[in-house]
Amino acid sequence: MPFADLHCDTIAWLRHNRRRGRTMNLRDSEPMHINLEKLQKSGYLLQNFALFVNMAEETDPWGAVLTLAELYTSEVEKNRDLVTPCRTFSDLEQARADGKIAAVLTVEEGGVCKGDVENLRTLHRLGVRMLTLTWNHENELAFPNGQSGGLKEKGAAFLAEMEALGMIPDVSHLNEEGFWDVCRLAQKPFAASHSSARTLWPHRRNLTDEQIKAVADRGGVVGVNFYSDFLADREITQTADIVRHMKHMVDVGGLDVVALGSDFDGITCPLELVDAAGMDQLVRAMEHAGFTQREIDRICWENVWAFYRETL
């Protein structure tokens, strides 16, 4: 069964462990939710790899994101037998034809650019094709969930430049005012790479029904997050809860808007499906919930593939 996942924090997790003297790699390190062998076992077509930077913990966020980009490039190059770095949709198609995992590079935290559009252009040259305008802290561009205020002037300028470059705006972590500013200003489809449905679980990181409809109306996608805190009142992520959020999003925004945004290696709770090697459990849960094979294909990979056909 093919899968396409819009968000994981595996590269940041690798760096975190290496800085503490633990030898880990992208190919087969077991403690991670994601490694290339696990992706291959489940049949992944595509994985977005986020360069995540916590602005509150880094004295040099720009240097940190460049270090993460170098780590990503090094690990991918060492494993070109399994994975292909992709910058365009034709790259994705070639990776698929070659039977390799397509890797798309993203950034989680627009604040790493320090409000400098030249830094944004540098990220694009390095292969970054999606960027969250915020993480959990206010930055030069916008405000995160839980704070008030829309896009700042630099945020609007960044949005325009991202669309000119061909970099996809990611509204996960952005607050509602900023979200609606993106809706008003964006000329192209955008994504919420790892967000679930607020109607089912009232966490501020989740999207309202109106937001889900707005993403759908603009040709975008929402990746359902696997973190238990965003799904239900449980300590462990139940696969049935992931599927419940999928069904709600389909009911609200239509089949085309729903995708996977696992947040693997960025979530701290245990999961019933354990890691990326256990995605067959998700398919079985979708079948049990009444999804047809066509619907499963659309959610698990085809919607992301179609989205990238339009945006990359």
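Everything that follows concerns the structure shown earlier in this document.
Structural notes, computed from the coordinates. (Residues numbered from 1 in each chain as written. Predicted model: local features only at pLDDT ≥ 70, side-chain atom pairs only at ≥ 80, totals over all residues. Heavy atoms only, no water.)

### Observations regarding the pairing of strand β4 (residues 101-108)
- Among the eight residues in β4, eight count as buried, and that is most of the element.
- Where burial is concerned, the two faces of β4 agree: the one with Ile101, Ala103, Leu105 and Val107 and the one with Ala102, Val104, Thr106 and Glu108 are both buried.
- As paired elements, strand β2 (residues 44-52) and β4 share seven bridges and run parallel to each other. The partner of Gln47 across the bridge, within β4, is Ala103.
- Bridge count between strand β3 (residues 83-86) and β4: four bridges; the pairing is parallel. (Buried < 20%, exposed > 50% of the residue type's maximum accessible area, 1.4 Å probe, protein only. Helix = DSSP H or I, 4+ residues; strand = E, 2+ residues; numbered from the N terminus. Pairing = 2+ DSSP bridges.)

### What about the state of the cysteines?
- Evaluation of the coordinates by the stated rule reveals zero disulfides.
- The thiol of Cys8 is not disulfide-bonded; the next cysteine sulfur, from Cys86, is found 14 Å away.
- In this structure Cys8 comes out as buried when scored by relative accessible area, which is 0%.
- In this model Cys300 remains outside any disulfide bridge; the closest cysteine sulfur is found in Cys8, 17 Å from its own.
- Classification of Cys300 by relative accessible area gives buried; the value is 0%. (Disulfide = S-S within 2.5 Å.)

### Structural notes on the nonpolar core
- Membership of the largest hydrophobic core comes to 89 residues, with the highest contact counts inside it found for Leu123, Phe226, Met246, Phe264 and Leu282.
- Broken down by element, this core gets its largest block of residues, eight residues, from helix α3 (residues 61-78).
- If we skip the residues at most four places from it in the chain, Met246 touches Val224, Val258, Leu260, Leu282, Met286, Phe291 and Ile299.
- The next biggest cluster of nonpolar side chains, apart from the first, holds 20 residues, and it includes Ala4, Phe89, Ile168 and Phe307. (Core = buried A, V, L, I, M, F, W, Y, C linked by side-chain atoms within 4.5 Å. Contact = heavy atoms within 4.5 Å.)

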